[in-house]
Amino acid sequence: MVETVDKPKNLSNPRRAFVKKTGKKLVRKIAAFQSRQSIVPDTPKIDNSYFPFLSEFTDNWKTIQGEAKEVLKFREAIPGFQEISPDQYRLAKEQNWKTFVLFGFGERLEKNASLAPKTAEILERVPNLQTAMFSILAPGYHIPAHKGVTKGILRSHIGLIIPKDREKCRIRVDDTITAWKEGEIFVFDDTFEHEVWNDTDEERVILLFDFDRPMKFWGRFLNKTFLQIMKLTAFYQDPKKNLQTAEDRLEAAIRQADANMEAMSDPAERRK
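An account of the accompanying structure is given in this report. Keep in mind the model is a prediction, meaning the values are calculated, not measured.

Examining the side chain of T119
Inference 1: Turning to its location among the elements, T119 is positioned in helix α6 (residues 117-124).
Inference 2: Residues contacting T119, with those up to four places away along its chain left out, are I64, E67, L102, F134 and L207.

Written out as structure tokens, the structure is:
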């Protein structure tokens, strides 16, 4: 039996579909130019030695892990990826892939960042950071094969909470398969086809962040222009609004939890 996925109503707009189709063609042409402008290898995975700033993440991964664990205390209020970015409805279903966003489209989410201050501080020092989040993958979930939008951005993963049978929790980028490991970091180009499996009965948590590909002047100029244009579209505007809603929802959940704890510690409240 073939599983069908219903498209959200707000994604059925013909204008939006036209923009998406036209944008994909344009992106392919831009990617070829960005590839020639790149000053790091245009390969599915790229050696960490090209990015000296990564060492601060591995040096502090235990602290980052600790902050992720604190955030996970409120996992019920953390949104599914498709709630933030409706265009990703094919990749994220129900609450199987949750995302706690710290930076979105180059902007720091202050409320979320305050819950992971050391992580946010380290992320601030990533050159041309675009997006950063704790990515939380449910047991048994598979993210289908897909490709990213632009070759002008690279992606990094660092393992924080990884299932014991880690070889069954992995990502394929092109024809390279990598199993996450706690405290280990790697960089890849997500315009190559990639997919993810968590074939275990445990949750997987990583820190995922995107930053600009190091390129020559005209490559950087084109990338900046492309991202500015993207910010005018619904593909940026919708997630931006949804991130604000998600931040507010989490803040409300934390306030309620604090109020509950206060009531439990107050003898007068317990007698009521």
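Back to the text.
Quick notes on the packing of helix α3 (residues 61-72) against α6
Inference 1: In contact at an axis separation of 8 Å, α3 and α6 are set at 130° when each is read in the N-to-C sense. Considered as vectors, α3 and α6 are oriented oblique to each other. In this structure, α3 contributes T63, I64 and E67 to the contact, and α6 contributes P117, K118, T119 and I122.
Inference 2: Its residues assigned to classes, the contact of α3 with α6 comprises 3 nonpolar, 2 polar and 2 charged.

Remarks on the sheet that holds strand β6 (residues 153-161)
Whether parallel or antiparallel, the strands of a sheet pair through hydrogen bonds between backbone atoms.
Inference 1: Here we have 7 strands laid out as an open sheet, ordered β1-β9-β6-β11-β4-β2-β3, and antiparallel in their pairing. Two strands lie at the open edges of the sheet, namely β1 (45-46) and β3 (107-108), each paired on one side alone.
Inference 2: Strand direction decides the pairing type here: β6 and strand β9 (residues 185-188), joined by 4 bridges, are antiparallel. Within β9, the position partnered with S156 by the bridge is V187.

Considering the packing of aromatic side chains
Inference 1: Scanning the model with the defined rule gives 12 aromatic pairs in all.
Inference 2: Considering the side-chain rings of W218 and F221, the 5.5 Å spacing of their centres and the 80° angle between planes classify their relative orientation as edge-to-face. Of this pair, W218 and F221 both sit in helix α7 (residues 217-230), separated by 3 residues, roughly a single helical turn.
Inference 3: F221 sits in the partly exposed class, given a relative accessible area of 47%.
Inference 4: Three or more aromatic residues link up through ring pairs in this structure, and these residues are Y50, F51, F53, F57, F209 and F211.
Inference 5: The aromatic ring of F186 is capped on one face by K45, whose charged end is 4.6 Å from the ring centroid.

Considerations on the pairing of strand β10 (residues 194-198)
Inference 1: Of all 5 residues making up β10, 5 are buried, and the element is well covered by its neighbours.
Inference 2: In β10, alternate side chains face the same way, and those of H194, V196 and N198 on one face and E195 and W197 on the other are all buried.
Inference 3: Examined bridge by bridge, strand β5 (residues 142-146) and β10 share 3 bridges and lie antiparallel to one another. Paired with H142 across the two strands is W197, which belongs to β10.
Inference 4: Taken together, the 5 bridges between strand β7 (residues 169-173) and β10 define a ladder with antiparallel strand orientation. From the neighbouring strand, R172 faces β10, where its bridge partner is E195.

Digging into unusual backbone geometry
Inference 1: Look at F105: it is not a glycine, yet its phi comes out positive at around 55°.
Inference 2: As for its position among the elements, F105 is in the loop between β2 (97-104) and β3.
Inference 3: Taking the relative accessible area as the measure of exposure, F105 reaches 27% and is therefore partly exposed.
Inference 4: With a phi angle near 60°, D174 is a residue other than glycine that sits in the positive phi range.
Inference 5: Of note, D174 is situated in the loop between β7 and β8 (176-179).

Some details on a nonpolar patch on the surface
Inference 1: On the surface, F217, W218 and F221 cluster together into a nonpolar patch covering about 370 Å² of accessible area.
Inference 2: You can see F217 is positioned in helix α7.
Inference 3: You can call F217 partly exposed: its relative accessible area is 47%.

A closer look at the environment of K147
Inference 1: Position of K147 among the secondary structure elements: in the loop between β5 and β6.
Inference 2: Measuring from C-alpha to C-alpha, the distance between K147 and E193 comes to 4.9 Å, with 46 residues separating the pair along the chain.
Inference 3: With residues near it in sequence (within four places) discarded, K147 still touches D190, T191, F192, E193 and H194.

What about the environment of L227?
Inference 1: Structurally, L227 is set in helix α7.
Inference 2: With 122 residues separating them in the primary sequence, L227 and F105 have C-alpha atoms 8.8 Å apart.
Inference 3: Other than its neighbours up to four places away in sequence, L227 contacts Q130, I153 and D212.

Cut-offs used in this document
- Starting afresh in each chain, residues are numbered from 1 along the sequence in its written order.
- With the structure being a predicted model, the display of local features is reserved for residues of pLDDT at least 70 and the display and counting of side-chain atom pairs for 80 or more, all residues being used for whole-chain, interface and lining totals.
- The side-chain numbers reported here are obtained from all heavy atoms of the structure, hydrogens and water having been left aside.
- Labels follow the DSSP assignment, with helices taken as runs of H or I lasting at least four residues and strands as runs of E lasting at least two, numbered in each case from the N terminus.
- It only takes one pair of heavy atoms within 4.5 Å for two residues to be counted as in contact.
- Interaxial angles span 0 to 180 degrees and are taken between N-to-C directions of axes, which are lines fitted to C-alpha atoms, for helices over the stretch in contact.
- What sets the label is the angle itself: under 35 degrees gives roughly parallel, over 145 gives roughly antiparallel, 65 to 115 gives roughly perpendicular, and the rest give oblique.
- Throughout, the ten residues Ala, Val, Leu, Ile, Met, Phe, Trp, Tyr, Cys and Pro are labelled nonpolar, Asp, Glu, Lys and Arg are labelled charged, and all others, Gly among them, are labelled polar.
- Two strands are counted as paired when DSSP detects at least two bridges linking them.
- Two rings from Phe, Tyr or Trp (for Trp, the six-membered ring) form a pair when their centres sit within 6.5 Å of each other. Planes less than 30 degrees apart are called stacked, planes more than 60 degrees apart edge-to-face, and all others tilted.
- Think of it in three bands: residues with accessible area under 20% of the maximum for their type are buried, residues over 50% are exposed, and the middle band is partly exposed, with areas taken using a 1.4 Å probe on protein chains only.
- In this scheme, the term charge over a ring applies when either NZ of a lysine or CZ of an arginine sits within 6 Å of the ring centre and within 35 degrees of the ring normal.
- Patch membership requires over 30% relative accessible area and the absence of a salt bridge. Like charges are linked within 9 Å, and nonpolar side chains (Val, Leu, Ile, Met, Phe, Trp, Tyr) within 5 Å.
- Note on areas: Shrake-Rupley, 1.4 Å probe, and residue coverage restricted to the protein chains presented here.
- A pair is scored as a salt bridge if a Lys or Arg side-chain nitrogen falls within 4 Å of a carboxyl oxygen belonging to Asp or Glu.

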